Amino acid sequence: MTTIHNLGFPRIGARRELKFALESYWKGESSRSELKALGAQLRARHWASQQDLDLVPVGDFSFYDQVLDMSFALGNLPERVQGFHGDALDNYFRVARGRSATTPEAPCCGAGVAAGEMTKWFDTNYHYIVPEFTADTRFQLDSTRLVEQLTEARAQDVRAKPVIIGPVTYLSIGKAKDGADKLGLLERLLRVYAELLDTLAAQGVEWVQIDEPILVTELDADWQHALNTAYHHLKACKVKILLATYFGELAENKYLAANLPVAGLHIDAIQGQGDVQQLLGLLPAHKVLSLGVINGRNIWKTDLNAVLDWVEPLAEQLGERLWIAPTCSLLHVPVDLDSEQKLDAEVKSWLAYALQKLNELRVLGKALSDGRASVAAELASNAAALKARRNSPRVHNPAVRAAVAQLTPALGQRQNAYPVRAAKQAARLGLPAFPTTTIGSFPQTAEIRHARSEFKAGRLDQNGYQTAMRAEIARSVREQEALDLDVLVHGEAERNDMVEYFGEQLDGYAFSQFGWVQSYGSRCVKPPILFGDISRPKAMTVEWTRFAQSLTSRPMKGMLTGPVTILNWSFVRDDQPRWQSCYQLALAIREEVLDLEKAGVRIIQIDEAALREGLPLRKSQWQQYLHWAVESFRITANGVGDETQIHTHMCYSEFNDIIASIADMDADVITIETSRSDMELLGAFENFQYPNEIGPGVYDIHSPNIPTQEHIVGLMKKAAERIPAQRLWVNPDCGLKTRQWAEVLPALAQMVAAAKVLRNTA
Ligand code: GLN
Ligand code: ZN
């Protein structure tokens with residue numbers, strides 16, 4: 001018998017029930033008990049759908065974030081929320097979301113509460129609340145939540161396996177506010193973990209899953225040592241520990257992982273398939289090896305026969321010691337493919353969401369325990385679906401493949417180096433010093449959203465929609481001229497989302513209705529599905545841009561999303577490497593760039609908001625990624641003539657470790673986020689002697705605050721100490737689509753006034 005188990009289930013609900021319940025509670029439209037009841041209902045439903053598994057995760061449900069849950073279980077609350085007298089759940093939301101000073105929800109504390117910092121969970125698009133530490137941090141166990149959920153699960157007769165984040169991963173992903181050595185807290189922390197495991201043992205728990213994904217990253221000696229210390233400390237506890245790793249290969253850490261004193265080890269056997277043979281030799285004979293053979297990070301059907309081909313001999317060898325599971329928690333995939341009513345039927349037949357992945361797990365488990373014949377029909381239909389996908393002409397476009405095969409570096413090369421281009425562009429554009437511009441989008445007003453939903457529902461025809469959008473574009477142009485901005489944008493009224501908008505117009509993309517994945521808290525994203533070779537049947541943005549340009553004599557920027565960002569925010573193919581899909585996207589967007597240029601557009605901005613997000617977990621693999629990512633941008637952007645100015649935008653500010661690659665992209669102008677760091681982050685550009693132009697964001701668009709002219713002038717003066725003034729632009733941090741016009745107009749007025757002051761004093 002092969003044990004089948006799951007590492008975690010998506011908590012948001014097949015219809016995003018949790019999202020809506022949370023948001024209604026936060027708005028004060030429903031009660032805490034209603035919210036808690038909905039949570040219990042979702043847990044019960046999700047356990048019911050996993051009832052027959054040999055081990056079912058418990059504790060994976062969260063009202064906001066599993067890392068924040070862990071902080072509360074460990075009594076590690078930021079000082080600013082300690083001593084709160086209200087309900088624990090409300091305090092939890094205070095850390096998750098912050099509280100302004102004025103809400104009635106925090107009557108006991110006059111002052112506001114800053115939200116916990118949020119950051120990406122390893123290389124996923126899930127964001128967790130960063131644990132905060134100081135040298136004095138003390139931990140204190142609060143197992144209430146976990147024990148309650150365990151009791152519920154038991155009442156439902158599921159074979160419960162509590163899931164917690166491991167102590168070493170917990171420390172490593174947190175932040176020492178006072179710069180203290182986090183490992184100095186390990187001993188204190190382990191005492192509480194031991195207490196937690198003992199509590200679970202007293203509840204009759206046999207197995208506990210402890211997640212230590214840091215084992216797939218590069219670890220220095222201190223952190224390796226911490227893992228040894230931790231698990232030697234915890235081995236006295238009377239539960240069996242399944243140490244779970246995922247999101248990559250163990251590689252050099254497999255010796256460490258195999259020898260930690262735990263009862264079982266789970267690995268991502270897709271990304272880490274290469275580890276398995278060696279692990280078999282390293283694992284002590286009593287240990288369980290759990291193989292993650294179903295991809296928890298994508299939406300494709302698993303090739304069940306292929307998995308069996310390589311796992312059957314292992315099952316033979318390991319017997320009861322072999323477990324199988326998805327690679328990681330299913331948190332990172334949508335819930336139920338059966339919800340999809342509109343998804344292209346052919347594409348749908350190739351997909352599996354969480355519930356379907358669990359079915360695959362059942363089939364594999366049965367095949368391993370009772371032989372393939374016992375699931376012959378399931379295996380045959382799986383094989384047929386995979387075969388259809390492999391042979392579908394919708395997946396394979398020979399012309400696109402040929403174009404990628406013929407790529408040469410020359411394609412990514414501008415005609416001349418930046419200084420030559422800059423002179424020609426200056427002559428053509430005639431911009432003043434400190435030119436002003438914005439990042440692309442203007443407010444997505446209620447009218448815009450209404451028009452779009454009417455259009456999608458078929459109640460507004462193509463003409464009506466176009467008229468409505470053109471009116472919005474005309475309004476943006478008017479406002480920008482009145483503000484006296486130098487380089488205008490059309491405002492992106494017609495775009496729902498910077499990736500979806502392009503995906504919808506490219507061949508090779510499909511869109512789901514219910515493919516929601518939690519990004520943070522109640523926020524979900526619905527990544528488009530890149531399923532086939534990418535091509536662009538026709539121009540995507542040229543008409544809108546041409547229209548916008550026709551309304552003004554000032555330069556109008558053409559606005560595109562870059563290939564790396566489109567790739568990183570999509571569900572991508574598992575039948576070819578990421579770089580290949582990226583090059584295909586690059587060629588398609590390149591055609592758009594060239595069409596814009598032909599239409600007379602003088603400045604083209606290609607956003608790469610997610611370039612950094614794609615960096616691999618292991619630094620040793622960064623160069624390889626950066627190579628094809630930068631090359632993709634170059635292919636997209638650099639086919640234009642010298643006098644066409646290429647901009648790119650990145651909404652983050654850590655450039656130190658990738659600055660050479662950023663320079664390699666060779667955009668004429670890059671706009672970045674810097675306002676919150678007081679321009680210090682320009683240091684990376686200064687030290688590298690970045691040769692091209694930079695627009696350091698001068699105000700934070702995430703805040704409703706209106707910046708003052710003096711503040712902006714001050715920031716730009718600081719910028720000019722680091723970057724020669726003649727290469728500086730003045731612009732906000734990011735797009736303005738989430739703001740109101742009433743905020744945007746005064747903020748930009750201050751910005752333009754600041755630029756004028758700078759021109760007159762420089
Ligand atoms: N051009 C986009 C906008 O202004 C850029 C958004 C982003 O960088 N996230 O909305
Ligand atoms: Zn941005």
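Coordinates for the structure precede this section.
All residue numbers refer to positions counted from 1 along the written sequence of the respective chain. Both sets of labels track the order of writing: A upward for chains, 1 upward for ligands. This being a predicted model, a pLDDT of at least 70 is required before a residue's local features are given, and a value of 80 or more before pairs of side-chain atoms are given or counted; all residues contribute to the totals for chains, interfaces and linings. Heavy atoms from the whole structure form the basis of all side-chain values; hydrogens and water molecules are not counted.

## Side note on the coordination of the zinc ion (ligand 2)
How we decide: Here a donor is an N, O or S atom found within 2.8 Å of the metal, or within 3.2 Å if the metal is Na, K or Ca; sites may look incomplete because water is not among the atoms. Tetrahedral means four donors with every angle between 85 and 135 degrees, whereas square planar (four donors) and octahedral (six donors) require angles over 155 degrees between opposite donors and between 65 and 115 for all others; sites fitting neither are termed irregular. Exposed residues in this analysis have more than 50% of their type's maximum accessible area, buried residues have under 20%, and partly exposed residues fall in between, with area computed by a 1.4 Å probe over protein chains only.
Surrounding the zinc ion (ligand 2) are the protein donor atoms His-649 (NE2), Cys-651 (SG) and Cys-734 (SG), which sit 2.1 to 2.5 Å from the metal. Geometry at the zinc ion (ligand 2) is irregular, judged from its 4 donor atoms and the angles of 79 to 122° they form at the metal. As a motif over one chain, the donors of the zinc ion (ligand 2) read H-x1-C-x82-C. Residue classification places His-649 among the buried residues on the basis of a relative accessible area of 3%.

## A few points about the sheet that holds strand S10 (residues 264-268)
Spelled out, the test is: Two strands qualify as a pair provided DSSP detects at least 2 bridges between them. Helical segments are the DSSP runs of H or I of at least four residues, strand segments are the runs of E of at least two, and each set is numbered from the N terminus.
With respect to topology, 8 strands assemble into an open sheet ordered S1-S12-S11-S10-S9-S8-S6-S2, the strand pairing being parallel. Looking at strand neighbours, the two that pair on one side only are strand S1 (3-4) and strand S2 (56-58), the edges of this open sheet. Alignment of strand S9 (residues 240-244) against S10, held across 3 bridges, turns out to be parallel. Residue pairing in the sheet places Ala-244 in a bridge with His-266 of S10.

## Examining the sheet that holds strand S19 (residues 645-650)
Note the threshold: For helices, the axis comes from a line fit to the C-alpha atoms of the stretch in contact; other axes are also lines fit to C-alpha atoms, and the angle between any two N-to-C directions lies between 0 and 180 degrees. Contacts were defined at the residue level, with two residues in contact if any of their heavy atoms lie within 4.5 Å.
The strand order across the open sheet formed by 5 strands is S17-S18-S19-S20-S21, and the pairing between neighbours is parallel. The open sheet has two free edges, formed respectively by strand S17 (557-561) and strand S21 (693-696), since each of these has just one partner strand. Strand after strand, the sheet turns through a mean of 20° between neighbouring axes, direction not considered. In the sheet, strand S20 (residues 669-672) pairs with S21 via 4 bridges, with the strands oriented parallel. Each residue of the ladder has a partner; that of Val-669, found in S21, is Glu-693. Its contacts with the sheet put helix H22 (residues 578-598) on S17 and strand S18 (603-607), and the angle it makes with S17 is roughly 175°.

## Description of the nonpolar core
Selection rule: Joining through side-chain atoms within 4.5 Å is the link that ties buried Ala, Val, Leu, Ile, Met, Phe, Trp, Tyr and Cys residues into a set, and such a set is a nonpolar core.
Counting 102 residues, the largest nonpolar core has Trp-121, Leu-197 and Tyr-231 as the members making the most contacts within it. The contact partners of Trp-121, leaving out residues within four places of it in the chain, are Gln-66, Val-67, Tyr-126, His-127, Tyr-128, Ile-165, Thr-169, Ile-173, Pro-213, Tyr-246, Phe-247 and His-332. Formed by 100 residues, the second largest nonpolar core is a distinct cluster that contains Leu-587, Met-650, Tyr-699 and Cys-734.

## Considering the packing of aromatic side chains
Stated formally: We call Phe, Tyr and Trp rings a pair once their centres come within 6.5 Å, taking the six-membered ring for Trp, and we label the pair stacked below 30 degrees between planes, edge-to-face above 60, and tilted otherwise.
All told, the structure shown has 23 aromatic pairs when counted by the stated rule. Both rings, one in Phe-133 and one in Tyr-170, keep their centres 5.6 Å apart while their planes meet at 85°; by these two values the pair is edge-to-face. Taken together, the residues Phe-133 in strand S5 (residues 132-133) and Tyr-170 in helix H6 (residues 167-172) connect sequence positions 37 residues apart. For Phe-133, a relative accessible area of 1% corresponds to the buried category. Overall, the relative accessible area of 0% leaves Tyr-170 in the buried class. Taking 6.2 Å as the distance between ring centres and 25° as the angle between the ring planes, the aromatic pair formed by Tyr-509 and Phe-511 counts as stacked. Residue Tyr-509 is classed as buried on the basis of its relative accessible area, which comes to 8%. Classification of Phe-511 by relative accessible area gives partly exposed; the value is 24%.

By themselves, these observations are geometric and do not establish any function.
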